[in-house]
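Listed here are the chains, written in short residue letters.
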Amino acid sequence: RAVLLSEYAPYPFVIDGVQLTFRLHPTATRVVSAIRFRPNPAAAPSRQLRLDGEGLTLIRAAINGQEVTPKVDASGLVCEVPEGEFLWEAEVEISPETNTALEGLYMSKGMYCTQCEAEGFRKITYYPDRPDVMATFRVRIEGDKPVMLSNGNPVEFGEGFAEWDDPWPKPAYLFALVAGDLVAHSDTFTTKSGLPVALNIYVRPGDEAKCDYAMDALKRSMKWDEEAYGREYDLDVFNIVAVDDFNMGAMENKGLNIFNSKYVLASPETATDRDYELIEGIIAHEYFHNWTGNRITCRDWFQLCLKEGLTVFRDQEFSGDQRSHAVKRIDDVLMLRARQFREDNGPLSHPVRPSSYIEINNFYTATVYEKGAEVIGMLKRLVGDDGYRKALDLYFERHDGDAATIEDWLKVFEDATGRDLAQFKRWYEQSGTPRLTVKEDHADGTYTLTFRQHTPPTPGQPDKAPQVIPIAVGLLNPNGDEVVPNTMLEMTEAEQSFTFEGLSARPVPSILRGFSAPVILNREMSTEERAFLLAHDTDPFNKWEAGRALAKDVLARMVTEDAAPGPDYLDALERVARDDALDPAFRALALGLPSDDDMAQTLADGGVTPDPLKIYGAREALMQRVAEHLNDVLSRLYDEMDVPGPYTPDARAAGRRALRQTALTVLSRVDGGKRAQRQFETADNMTEQLGALACLVRLGRGEEALASFYRQWRHDHLVIDKWFALQAGQAAPADAAAVTKRLTEHPDFDWKNPNRFRSAIGALGMNHAGFHDPSGASYELIADWLIRLDPLNPQTTARMTTLFETWHRYDADRQALMREALERIANTEGLSRDTGEMVGRILNG
Ligand code: ARG
Ligand code: ZN
């Protein structure tokens, strides 16, 4: 049954305090709760107490000390309650060890841990498990684990027990408990107001040495939030725990963040530059949630983007400040297009704020997170930096302690800046990616840009109204000088013109600078014009974008017309490679080719049915041509970009390694793998070791290197995840299913561990040509595994069904095979609600 936004009603009770006692036992943990309720003055009065609860064994319940016998069903219980305030007490039994869904209280390698967002707390005890019910929690943990943690501040510790107190009212989804044989990597931070905070990162013994970078990122995040947003931390301790079995990236539980260990643990030998970057970004993200998510939370789960869009936006700003804004923006847009545009242009398209769901876990999507962040970026562009800061100050002041809505959020911008945001709100309500087309006109010194916007129909939304689109534009004159600097055009109508005066020569426009709105810009451009912008644009994003568009044009013509790549493209690429004034990280991005999935999406958008094998072939052929044409300059770059001395994860060193790897990937096509082999043997860091290994595997010469890599790293599961992912992800199209099948037979394929499952099955699904092998073998293999995993772990299964979300794009034969796989999943007996909703939407959307 679907939950609807329009049906929101406040909970009839408020909570004055929660006390929980956990008596830990792997298969029979007792949870004793005492909750003070009183009638909610803002809700219709009720004498019925309804509490959520799933998979709980109720031992006893009492109201005001009197035993009661509530009516219990599969989703909770109902109980008659007296008028006025009352004390609810209950004792339940749960079994963490057999909890394979990794939601609620579960065990990971002997350690107890929790994941409650969105609705996991109901698997711990009976409770109004909804974000608008906020309460203070006092927690006592009884057990024999040396480290026993919960939210808030530590109160008392003794032999076999620990007590925690969280003074900040919070919804149940922010509850957390951890108990295990853990060691802390500790540090301190003093807030701007002088409050000392004890910082701890808890890991399994042996991993202590891999916490330095996460700790450093945490301290930088705390400082940054004080400076950029005036937000200080508000407890005596901030704890982070790394867990090996985790369905997602990390979780912002109040004062006790729980992380997938791959986003905490790093050493130069075991983590890549990309890993370091993700650790920094995710540590920041979870920390920033303390204000945007925890202090101000969501009224209901439809408002998820209120905390996620804003927190992603904040972590993107942070990473840009710490590294390079230009490079970060390009990375973010690459991700947005790869995941959110893909989602928004298929059957799973939904608004940033959805209006109905069956299983809320299915809405932790690229649209809610990444498009949600883009919407905030647009808002900031429209009101300016000062307006944004004023609005945010007002948001924190007005809503601290609230469970808020998107309406509240927009209202603070209206009140702080005087702007009417009624039309802007459509960004939260309309799904689909707007298409923007442009016409140009130049006469008598006046240059006119005429834009048209159109958003194609999406599931449940056949017609769209025009949106507010901030379009950043600059104009260059034909000799490459910028004649009109960055200007923000504000489009509000379906069709709208903007004029620029005093331009004697027809300018070359640079449109949608910085990717100022999450739209698809369709503008016919000649190769010369693109090459001109690649050479002269002062906006780094559009400079990169011009190069990317050139590469896509070339690849598209190779696929559809069997055309050979022309010299203009290769020359433009060579100029970028030779331009030593450009940041190496930027050059690496500008020299990289679009992914196969990106090409498939682009072709499909232009009305061409993508043939995955042809795309793969075109990419290979283009790489070969680039390797031949740019051999000299790339060889030079490969040598010059070597970073001397011990590994450091900073952006400058990482950028040089990225450019060096780009050169290596191309050069491997023509040097027989000689450089990659040498690099593989001598690398002293994972970035270079794995980069070399990928080249060797791609060349079909990875056999020995793979074996030695395995021998070297078999004790380190995070590195072995990479070993799995590389093989499934880089396998040649016709071998990918068989290679992955063999990997699933490997003794280290622990399919119940989400990271390991994703590193084999997920990596195959992202190997575009391999996934779409015409035999259908990969579709079948993935469907088999999803059917197997679903009864154990519905969340991870449901998420991975999105591998099939693009089935509409492809030819009839592939469509039939994908439908068959999806229907086989859909028809599985006892399929979870999570997976059921996803395959239903994918098939019928
Ligand atoms: N709030 C967490 C974060 O953004 C993610 C929680 C994901 N939960 C889920 N049910 N998928 O960091
Ligand atoms: Zn988040």
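Our structure's up above, just so we're on the same page.
Predicted, not measured: the structure shown is a model, and the values here were computed from it.

## Considerations on the site of ligand 1
Neighbouring residues of ligand 1: Glu-117, Ala-118, Met-248, Gly-249, Ala-250, Met-251, Glu-252, His-285, Glu-286, Glu-308, Asn-361 and Tyr-364. Contributing elements (two or more residues each) for the shell around ligand 1: β20 (250–251) and α2 (273–288). Each residue belonging to the shell around ligand 1 can be placed in one class, and the counts come to five nonpolar, three polar and four charged.

## Details of the packing of helix α4 (residues 325–344) against helix α9 (residues 540–561)
A pair of packed helices is characterised by two quantities: the angle between their axes and the separation of those axes. Close contact between α4 and α9 brings their axes to 9 Å; oriented N to C, the two are set at 50°. Regarding the angle of α4 to α9, the classification is oblique. Here the hand of the crossing between α4 and α9 comes out right-handed. Residues Ala-326, Arg-329 and Ile-330 of α4 form the contact with α9, whose participating residues are Pro-540, Phe-541 and Trp-544.

## Points about the sheet that holds strand β12 (residues 135–142)
Spatially, eight strands are ordered β6-β5-β9-β3-β2-β12-β15-β14 in an open sheet, and the strand pairing comes out mixed. Sheet topology places β6 (66–67) and β14 (153–158) at the edges, where each strand pairs with a single neighbour. As paired strands, strand β5 (residues 57–63) and β6 are joined by two bridges and run antiparallel to one another. Bridge assignment links Ala-62 to a residue of β6, and that residue is Glu-67.

## Quick look at the sheet that holds strand β30 (residues 508–511)
Read across the open sheet, the three strands follow the order β28-β27-β30; overall the sheet is antiparallel. Strands at the two margins of the open sheet, each flanked by one partner only, are β28 (482–491) and β30. On average, each strand axis in the sheet is inclined to that of its neighbour by 25°, with strand direction left out of account. By the bridge criterion, four bridges tie strand β27 (residues 469–476) to β30 in an arrangement that is antiparallel.

## A short note on helix α6 (residues 406–417)
The α-helix advances 3.6 residues per turn, and as a result positions three or four apart in sequence lie on the same side. An ideal rise of 1.5 Å per residue puts 16 Å on twelve residues; α6 measures up with 17 Å between its terminal C-alpha atoms. Listed in full, the buried residues belonging to α6 are Ile-406, Trp-409, Val-412, Phe-413 and Ala-416. For α6, the buried positions fall inside an angular range of 125° around the axis, keeping them on one side. Residues of α6 that are buried in the fold lie against α3 (304–322), α5 (366–399), β24 (403–404) and α7 (426–429). Positive phi shows up at Gly-418, right after α6, with a value of about 75°.

Criteria and cut-off values
- Residues numbered from 1 in each chain as written.
- Chains lettered and ligands numbered in written order.
- Predicted model: local features only at pLDDT ≥ 70, side-chain atom pairs only at ≥ 80, totals over all residues.
- Near = placed C-beta within 6 Å.
- Helix = DSSP H or I, 4+ residues; strand = E, 2+ residues; numbered from the N terminus.
- Nonpolar A, V, L, I, M, F, W, Y, C, P; charged D, E, K, R; others polar.
- Axes fitted to C-alpha atoms, helices over the stretch in contact; angles between N-to-C directions.
- Parallel < 35°, antiparallel > 145°, perpendicular 65-115°, else oblique.
- Left-handed = near helix turned anticlockwise from the far one by under 90°.
- Contact = placed C-beta atoms within 7 Å.
- Pairing = 2+ DSSP bridges.
- Expected span 1.5 Å × (residues − 1).
- Buried ≥ 20, exposed ≤ 12 C-beta atoms within 10 Å, placed from the backbone.
- Arc of directions from axis to C-beta.

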